[in-house]
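Summary of structural features
The chain contents come next:
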Amino acid sequence: MQYRNLGKSGLKMSCLSFGSWVTFVNQLTESTALTCMSIARDYGVNFFDNAEAYANGKSELLMGKILKKLKWTRDSYIVSSKVFWGGELPTQRGLSKKHIHDACDQALKRLQIDYLDLYFCHRPDPETPIEETVYAMNDLISQGKILYWGTSEWGASEIEYAFQISEKLNLRGPVMEQPQYNLLHRDKVDSEFLPLYENFGMGTTIWSPLASGVLTGKYNEGIPDDSRLALPGYEWLKDLWTSEDGKQKLEKVTLLTALANEIGVSITHLSLAWCLKNPNVSTVILGASRLSQLDDNLQAMAVLEKLTPEVMASIETIVANKPAEPERFGQ
């Protein structure tokens, strides 16, 4: 395992990490979920990602039970939560100071820990001033309830404003963003966020590195009956990949699969390693619905050396979606 700093902070994170969204939300048994976390730990994973919205808090409850059973020392792992969707009542949603404080206390109780290492604003809240959110997060840090805070799926301008407000008011600013990032979805990470890495040292904990399983090649010949796209509740995802744009992307996945075969790796490992090649990626969050899937994904580190400049260039030729860098006026 390699360990990278979370942005400009001194926090060392395993470059592969484990997320509960797919694994725990799919109602795995406690025993299987415990084994997943143990396998990840054996590979050197030290970051475990969660959120109040995952299975309406049940994901955090399950992870809390497992952490208590495993008895890992608190200084040996990093755990996160996210705040935005806590319930149906007006005071249980969004990024108001009240909901942020209440949600943090509830997450700590469910996870059975004294503090969160990372706390994310799960989405931007247009109905709450960013100043209020920054103050609330600063308060939680001062109270020792969280160590670092950040955002998830915010726009670059919103994150930049949060940084600016933090500096102006001498408050603790965001340290990280959790965006979707993969070979088929890369505009924010590879373009919009570039000034944020350079000017503020922002880190990223990226999710969906395999594009909801598309970059495993399992959909190259259609949608298997036992796949996620065939499950009830995922019709929106199926529609996404059966659209005209989705079909074009699947054609690229077929070509990527052929390239992976040429260099002797799986398309899964190629896709994960491609994300890891980006120095602005602090950690790649893995999700798995099977133990064998998690074990396989954690072996992606071994193929990094096969992604030579020539292979990276071939990948870019296939995906043909490298975004332009933002304009830097006056340079």
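Report follows, based on the coordinates. Every value quoted in this text rests on a predicted model; they were computed, and no experiment measured them.

1. Focus: the overall build of the protein
Scanning the protein from N- to C-terminus turns up 13 helices and 10 strands. A compact globule built from 331 residues should have a C-alpha radius of gyration of about 20 Å, and the protein, at 20 Å, falls within 12% of that. Along the longest, intermediate and shortest principal axes, the C-alpha atoms of the protein span 60 × 55 × 35 Å. Counting every position in the protein, which comprises 331 residues, the buried fraction comes to 53%. At a minimum sequence separation of 6, the contacts of the protein that also span at least 24 residues come to 78%.

2. Some thoughts on the pattern of salt bridges
All told, the structure shown has 10 salt bridges when counted by the stated rule. A salt bridge links Asp117 to Arg74; its shortest N-O distance comes to 2.7 Å. Of this pair, Asp117 sits in strand E6 (residues 116-121) while Arg74 sits in the loop between helix H3 (58-70) and strand E5 (78-83), and the two are 43 residues apart along the sequence. Taken as a pair, Asp117 and Arg74 share a single burial class, namely buried. For Lys97, the salt bridge identified is with Asp139, shortest N-O distance 3.0 Å. Here Asp139 lies in helix H5 (residues 130-142) and Lys97 lies in helix H4 (residues 97-111), a separation of 42 residues in the sequence. One connected set of salt bridges, linked through shared partners, spans Arg186, Asp190 and Glu316.

3. A word on H3
Taking 1.5 Å of rise per residue, 13 residues should cover 18 Å, and H3 covers 18 Å from first to last C-alpha, within 8% of that figure. Regarding H3, the residues found buried are Ser59, Glu60, Leu62, Met63, Gly64, Ile66 and Leu67. Phi for Lys71, located one or two positions after H3, is positive at around 60 degrees.

4. Brief notes about helix H2 (residues 30-42)
With 13 residues, H2 should cover 18 Å at 1.5 Å per step; its first-to-last C-alpha distance of 18 Å lies within 8% of that length. All of the buried residues in H2 are Ala33, Cys36, Met37, Ser38, Ile39 and Ala40. Among the residues trailing H2, Gly44 stands out with phi positive, at a value near 105 degrees.

5. Things to note about the sheet that holds strand E7 (residues 146-151)
Spatially, E3-E4-E5-E6-E7-E8-E9-E10 is the arrangement adopted by the 8 strands of the closed barrel, whose pairing is parallel. Sheet analysis places strand E3 (residues 16-19) next to strand E4 (residues 47-49), joined by 2 bridges and oriented parallel. If you follow Phe18 over to E4, its bridge partner there is Phe48.

6. Brief notes about the layout of surface pockets
The calculated volume of the second largest pocket comes to roughly 310 Å³. Residue lining of the second largest pocket: 16 residues in total, with Tyr181, Arg186, Asp190, Asn278 and Lys322 positioned closest to the centre. Listing elements by their share of the lining of the second largest pocket, those giving two or more residues are helix H7 (187-192), helix H8 (194-200) and helix H13 (309-319). Taken together, the residues that form the lining of the second largest pocket break down as 8 nonpolar, 2 polar and 6 charged.

7. So, the pairing of E3
Every regular strand shows the same layout, with side chains that alternate between the two sheet faces. In E3, alternate side chains face the same way, and those of Leu16 and Phe18 on one face and Ser17 and Gly19 on the other are all buried. Examined bridge by bridge, E3 and strand E10 (residues 283-286) share 3 bridges and lie parallel to one another. Bridging across to E10, Phe18 finds its partner in Leu286.

8. Quick notes on the packing of aromatic side chains
In the structure shown here, the tally under the stated rule is 7 aromatic pairs. Put simply, the rings of Phe18, Phe48, Trp72 and Tyr77 touch in pairs and so form one group of aromatic residues. The residue whose ring lies beneath Arg74 is Tyr115, and the NZ or CZ to ring-centre distance is 4.1 Å.

9. What about the side chain of Asp190?
Looking at the secondary structure, you find Asp190 in helix H7. Judged by its relative accessible area of 15%, Asp190 falls in the buried class. In this view, Asp190 contacts Tyr181, Trp274, Asn278 and Pro323; residues no more than four positions away in its chain are not counted.

10. Description of the packing of H4 against H5
Close contact between H4 and H5 brings their axes to 9 Å; oriented N to C, the two are set at 30 degrees. The orientation of H4 relative to H5 falls into the category roughly parallel. Read as a crossing pair, H4 and H5 show a hand that is right-handed. Touching Lys97, Ile100, His101 and Cys104 of H4 are Glu132, Thr133, Ala136, Met137, Asp139 and Leu140, all from H5.

11. Considering the nonpolar core
If you look at soluble globular proteins, the nonpolar side chains tend to sit buried side by side. Residues Phe18, Met37, Phe48, Tyr119, Met137, Ile146 and Val284 are the most contacted members of the largest nonpolar core, which totals 89 residues. Tallying contributions element by element places helix H11 (residues 267-276) first for this core, with 7 residues. In this view, Val284 contacts Cys15, Leu16, Ser17, Ile206, Pro209, Leu272, Cys275 and Leu276; residues no more than four positions away in its chain are not counted. Among the nonpolar cores identified, the runner-up in size contains 10 residues, and Met13, Leu118, Phe120 and Val175 belong to it.

Rules used throughout
Residues numbered from 1 in each chain as written. Predicted model: local features only at pLDDT ≥ 70, side-chain atom pairs only at ≥ 80, totals over all residues. Heavy atoms only, no water. Helix = DSSP H or I, 4+ residues; strand = E, 2+ residues; numbered from the N terminus. Rg over C-alpha atoms; globule rule 2.2 N^0.38 Å. Buried < 20%, exposed > 50% of the residue type's maximum accessible area, 1.4 Å probe, protein only. Contact = heavy atoms within 4.5 Å. Salt bridge = Lys/Arg side-chain N within 4 Å of Asp/Glu carboxyl O. Expected span 1.5 Å × (residues − 1). Pairing = 2+ DSSP bridges. 1 Å grid on protein atoms, 1.4 Å probe; cavity = no way out; pocket = protein on both sides within 12 Å on 5 of 7 lines; lining within 4 Å. Points joined across faces, edges and corners; volume = space filled by probe spheres on them. Nonpolar A, V, L, I, M, F, W, Y, C, P; charged D, E, K, R; others polar. Phe/Tyr/Trp six-rings, centres within 6.5 Å; stacked < 30°, edge-to-face > 60°. Lys NZ or Arg CZ within 6 Å of the ring centre and 35° of its normal. Axes fitted to C-alpha atoms, helices over the stretch in contact; angles between N-to-C directions. Parallel < 35°, antiparallel > 145°, perpendicular 65-115°, else oblique. Left-handed = near helix turned anticlockwise from the far one by under 90°. Core = buried A, V, L, I, M, F, W, Y, C linked by side-chain atoms within 4.5 Å.

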